[in-house]
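Okay, here's what each chain looks like letter by letter:
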Amino acid sequence: MDKETFIEQLREIVRPYAKNQEALAGINANTDFITDLKINSANLVDVVLDVEEKYDIVIQNEEMERMLNVQAAMDIVEAKLKEK
Amino acid sequence: MGNRVVITGLGVVAPNGTGIAAFREAIQKGISGIRYEEQLAALKFSCQIAGRPIVPEVLQQQYFDELELKQLSSSGIIYGVIAGMQAWADAGLPLTDTPDWDSGTVFGAGSSGVDKFREAVYKVDELQVRRLGSTAVTQTMASGISAFLGGKLALGNQVTTNSSACTTGAESVLMAYERIRSGQAKRMLAGSTADSGPYIWGGFDAMKVSTFKYNERPEAASRPMSATASGIVPGSGAGALVLESLDSALERGAAIYAEVLGGHINSGGQRNGGSMTAPNPDAVQRCISAAIRNAGIAAADIDLINGHLTATGKDAEEIENWCIALQRKGNDFPYINALKSMVGHCLSASGSIELVAVALQLKEGFISPNINCEDLHPDIAALVARERIPQQLLYKDINLVAKASFGFGDVNACIILQKYLQP
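Residues numbered from 1 in each chain as written. Chains lettered and ligands numbered in written order. Predicted model: local features only at pLDDT ≥ 70, side-chain atom pairs only at ≥ 80, totals over all residues. Heavy atoms only, no water.

Visitor: Can you break down the overall build of chain B residue by residue, with the values?
Guide: A tally of helices and strands in chain B yields 16 helices and 15 strands. A globule of 423 residues ought to have a C-alpha radius of gyration of about 22 Å, and chain B, at 20 Å, matches this closely. Over its C-alpha atoms, taken along the principal directions, chain B stretches across nearly 65 × 55 × 40 Å. Here chain B holds 423 residues, and 61% of them are scored as buried. (Helix = DSSP H or I, 4+ residues; strand = E, 2+ residues; numbered from the N terminus. Rg over C-alpha atoms; globule rule 2.2 N^0.38 Å. Buried < 20%, exposed > 50% of the residue type's maximum accessible area, 1.4 Å probe, protein only.)

Encoded structure:
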């Protein structure tokens, strides 16, 4: 999966959680879920669950802790998809 | 003497009407909100009818954002937030960006988010605890409803949930009243909510307290004071009232529905005829008498009683308790009405929905009809003149209303409301 496709899909996943619509419109690899998109930290677990569902993968607790921005999400999902 | 306390806002999500306008019309016309429930029939309930409010998704979207709705499966929270925010708007109170330190809420519930809890139980048992998501706690904690309202309305005073079975709603109003009277808050959103659905109503079905005789005639099923009353019709919904110090209301120029003069809460200790599920008659009479004393009124001046009156065999006993406590009977008995004839027994929400109805009747000068008691129970007919139990809408100026609620655990509440006359 190319980077742009992934970011596009991730944008749709985080859309309901993002409080900053402007940052969502300009989402890129460096976008941080909490500081940029203003996602409530309690909702990060929901984002992870939605990502798991979308790609049919399981994300471990340690990975979840790191999954705070778009780049990290991409790295984790790519690695998981390779394992499959 | 503490602060005087008045009601300045109302909101309601009831089986026969969501929103004050629809609810007023329904209770004036005697419209029943009891409907056949296919789900209950499919689940082999004995009682296959219920009072379930209608809350279309477009209405929910006015009170919850997309994310909240995506995750929300607590019907009690949906009803309570809608009723509470309606009452807030009705009182003319703003939605602010900073906490209002003088406003709080006591918003009761019998249980919270039973459907959400069911989802969570299944996931846990399937070893999927990690998939519960972020809202399993907030939707199933008892205080979920007050927590939601506190955030929506930026309440900075006490934010809590009370729970005392079917007295919950009346108790919430008295707790809010005390907090304002003692000067600890200027405004309190009082009210209560009750979840819908088989997992709430099943227990009542199992106890055989729900009627199973009217599945074919839902609108005739809830029959308080009738000779053919055969049990409660389970209901749900929410009622909400903004209570406010008279000073604050006058300062804001708010419209006033009624004044809360006082009340009383007690328990029969599950002794002398009282039990987990039945009231001790002595306690009921004491509760009513103490409410009258606390309100500083005379029993002879009460114009209208809004009873608990659930449509079980206990209705005649309740009437007898009123007769003894008030020392009034026959033609001298106050008017009495039972909202449950139209909405069923909304359980933890019953008291607050009924108090919303009382406030409307006081403000607008009418007495809502009792439906389904054309065959008045002979034990009641022997105590109270038939014309005191109106079956048609009466337009009548009423000044003082006593409202009582009783609940499992042998707990009682009685509240006295008075018409407020602009000075």
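On we go from here.
Visitor: Tell me what's going on with empty space enclosed by the protein, and back it up with residues and numbers.
Guide: All names here are of chain B. Following the criterion strictly, the structure yields one cavity of 30 Å³ or more and no others. The space that makes up the largest cavity amounts to roughly 40 Å³. Taken together, Lys-116, Glu-119, Ala-120, Lys-123, Leu-132 and Ala-136 make up the full set of residues lining the largest cavity. Broken down by class, the residue content of the lining of the largest cavity amounts to three nonpolar, no polar and three charged. (1 Å grid on protein atoms, 1.4 Å probe; cavity = no way out; pocket = protein on both sides within 12 Å on 5 of 7 lines; lining within 4 Å. Points joined across faces, edges and corners; volume = space filled by probe spheres on them. Nonpolar A, V, L, I, M, F, W, Y, C, P; charged D, E, K, R; others polar.)

Visitor: Could you give an account of the UniProt feature "domain: Ketosynthase family 3 (KS3)" (unreviewed entry) in chain B, naming the residues involved and the relevant values?
Guide: Under the present numbering, the feature "domain: Ketosynthase family 3 (KS3)" (unreviewed entry) in UniProt falls on residues 2-419 of chain B. In the segment residues 2-419 of chain B, helix accounts for 36% and strand for 19%; the C-alpha atoms at its two ends are 19 Å apart. (UniProt positions renumbered as here; feature names shortened; annotations may be inferred.)

Visitor: How would you explain unusual backbone geometry if you had to name every residue and give the values?
Guide: Residue and element names in this part refer to chain B. Notably, Met-225 is not glycine yet its phi reads approximately 70°, a positive angle. For Met-225, the position within the fold is in the loop between helix H10 (198-207) and strand S8 (237-245). Its relative accessible area of 1% is what places Met-225 among the buried residues. Residues other than glycine seldom take positive phi values, yet Asn-272 does so here, at roughly 50°. With respect to the helices, strands and loops of the structure, Asn-272 is situated in the loop between strand S9 (258-267) and helix H12 (281-295). Overall, the relative accessible area of 62% leaves Asn-272 in the exposed class.

Visitor: Break down the confidence of the model for chain B for me, citing the residues and quoting the values.
Guide: For any part of a model where pLDDT is low, the fine detail of the predicted coordinates should not be relied upon. Looking at chain B as a whole, the pLDDT averages 97, with 100% of positions reaching at least 70. Model confidence for the complex: the whole-complex pTM is 0.96, and ipTM, which rates the interface, is 0.87. (pLDDT = per-residue confidence, 0-100.)

Visitor: Give me the lowdown on the interface of chain B and chain A, citing residues and values where you can.
Guide: Facing the nine residues of chain B at the interface are 14 residues of chain A. Overall, the association of chain B and chain A removes approximately 920 Å² of surface from exposure, summing both partners, and the carbon and sulfur fraction of that is 47%. A per-residue breakdown of the area chain B buries against chain A is headed by Leu67(B), Arg130(B) and Arg131(B), which together make up 55% of the total. Where chain B packs against chain A, one counts four salt bridges. With a closest N to O distance of 2.6 Å, Glu52(A) and Arg131(B) form a salt bridge. There are seven residue pairs in polar contact (both at pLDDT 80 or more) connecting chain B and chain A. When the residues that make up the side of chain B that touches chain A are grouped by side-chain class, the tally is one nonpolar, three polar and five charged. (Contact = heavy atoms within 4.5 Å. Buried area = accessible area lost by both parts, 1.4 Å probe. Salt bridge = Lys/Arg side-chain N within 4 Å of Asp/Glu carboxyl O. Polar contact = N/O pair within 3.5 Å; in protein donor to acceptor, adjacent residues only side chain to side chain.)

Visitor: Pulling in residues and values, what's your account of the pairing of strand S1 (residues 5-14) of chain B?
Guide: Along any regular strand the residues' side chains alternate between the sheet's two faces. All names here are of chain B. For S1, a buried count of 10 out of 10 residues is recorded, marking the element as mostly surrounded by other parts of the structure. Of the strand pairs in this sheet, S1 and S8 are connected by eight bridges, and their pairing is antiparallel. Pairing of Ile-7 across the sheet is with Leu-243, part of S8. Here three bridges tie S1 to S9, and the two strands are oriented antiparallel to one another. (Pairing = 2+ DSSP bridges.)

Visitor: Break down the nonpolar core for me, with residues and values.
Guide: Residue and element names in this part refer to chain B. Ranked by internal contacts, the top residues of the largest apolar core, which has 47 residues, are Ile-7, Leu-10, Phe-23 and Leu-243. Broken down by element, this core gets its largest block of residues, eight residues, from helix H15 (residues 350-364). Looking at which domains feed residues into this core, each of domain 1 (5-258) and domain 2 (264-419) gives three or more. Phe-23 has contacts with Val-12, Ala-14, Asn-16, Gly-17, Leu-339, Ile-353, Val-356, Ala-357 and Leu-360, leaving out every residue within four places of it along the chain. (Core = buried A, V, L, I, M, F, W, Y, C linked by side-chain atoms within 4.5 Å. Domains from an automatic or database assignment.)

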